[in-house]
Amino acid sequence: DDNPDIAPGVEDICDGADNDCDDEIDEDAASDDYEPNDTVDYLLGEVDDTIEVTGWLDDDSDVDRYRFIYADSVIDFDGLTVALTGLDGSVTYKMQIVDVATDEEVFNAFNTAEDTALEFELESTFGSDSTQFRVVISSLDGGDCANPYDLEIVHSDWW
């Protein structure tokens, strides 16, 4: 804050209050390891087994974007599951999944107040489904560090 007489040096904590008196609530209460991912995809790498991400949206204009590589062989029946979990109904999240190579949207859904998760499963087929996917998470009604989500990406090998 620019006023040295008001809470100098105080750090925000995730409590819904403006601890550092800069007219923003909880804006730096916790660090987001995946920033900047509002306009640029954060590359998570190749999913060999499981990738887990905990994130949150600051408000209804915040968007989180992740990209991962899914690689399977031509002779395997591999599976892919992408789940947005930890939802308690207080925030309406939207999860969109896009095949980067084709720019095809393969999943798009909102949670309801009763949903504890949103889940996408790639149908397992004989042959390679290898590609890169983008996961975009946004919300209709905001969010904050007190309402995190968990993103879990699981590559299962059927052999």
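In this text, all values refer to a predicted model and were calculated from it rather than measured experimentally.

### Brief notes about unusual backbone geometry
Here is step 1: Of note in the backbone geometry, D103 takes a positive phi value of approximately 60° without being a glycine.
Here is step 2: When its relative accessible area of 59% is taken as the criterion, D103 is described as exposed.

### Remarks on the nonpolar core
Here is step 1: Membership of the largest hydrophobic core comes to 27 residues, with the highest contact counts inside it found for F68, V82, M95, I137, Y149, L151 and I153.
Here is step 2: For this core, the elements supplying multiple residues, two or more each, are strand 2 (50-55), strand 3 (64-70), strand 4 (78-85), strand 5 (93-99), strand 6 (104-110), strand 7 (117-122), strand 8 (131-139) and strand 9 (149-157).
Here is step 3: Sequence-distant contacts of I153, that is, excluding residues within four places in its chain, are made with L44, V47, D49, T50, I51, F68, L80, T81 and V82.

### With respect to the sheet that holds strand 3
Here is step 1: The five strands lie next to each other as 1-3-8-5-6, forming an open sheet whose pairing is mixed. The open sheet is flanked by strand 1 (42-46) and strand 6, the only strands paired with a single partner. Across the sheet, the axes of successive neighbouring strands diverge by a mean angle of 15°, strand direction being ignored.
Here is step 2: Judged from the four bridges that link them, strand 1 and strand 3 form a sheet pairing that is parallel. The partner of L43 across the bridge, within strand 3, is R67.

### Description of a negative patch on the surface
Here is step 1: Side chains of E35, D38, D58, D59, D60 and D141 sit close together on the surface and give a patch of like negative charge.
Here is step 2: The residue D58 is located in the loop between strand 2 and strand 3 in this model.

Calculation notes
- Residues numbered from 1 in each chain as written.
- Predicted model: local features only at pLDDT ≥ 70, side-chain atom pairs only at ≥ 80, totals over all residues.
- Heavy atoms only, no water.
- Buried < 20%, exposed > 50% of the residue type's maximum accessible area, 1.4 Å probe, protein only.
- Core = buried A, V, L, I, M, F, W, Y, C linked by side-chain atoms within 4.5 Å.
- Helix = DSSP H or I, 4+ residues; strand = E, 2+ residues; numbered from the N terminus.
- Contact = heavy atoms within 4.5 Å.
- Pairing = 2+ DSSP bridges.
- Axes fitted to C-alpha atoms, helices over the stretch in contact; angles between N-to-C directions.
- Patch = residues over 30% accessible without salt bridge, like charges linked within 9 Å, V, L, I, M, F, W, Y side chains within 5 Å.
- Areas by Shrake-Rupley, 256 points an atom, 1.4 Å probe, with all protein chains shown as cover.
- Salt bridge = Lys/Arg side-chain N within 4 Å of Asp/Glu carboxyl O.
- Lys, Arg positive; Asp, Glu negative; His and termini not counted.
- Charge placed at Lys NZ, Arg CZ, Asp CG, Glu CD.

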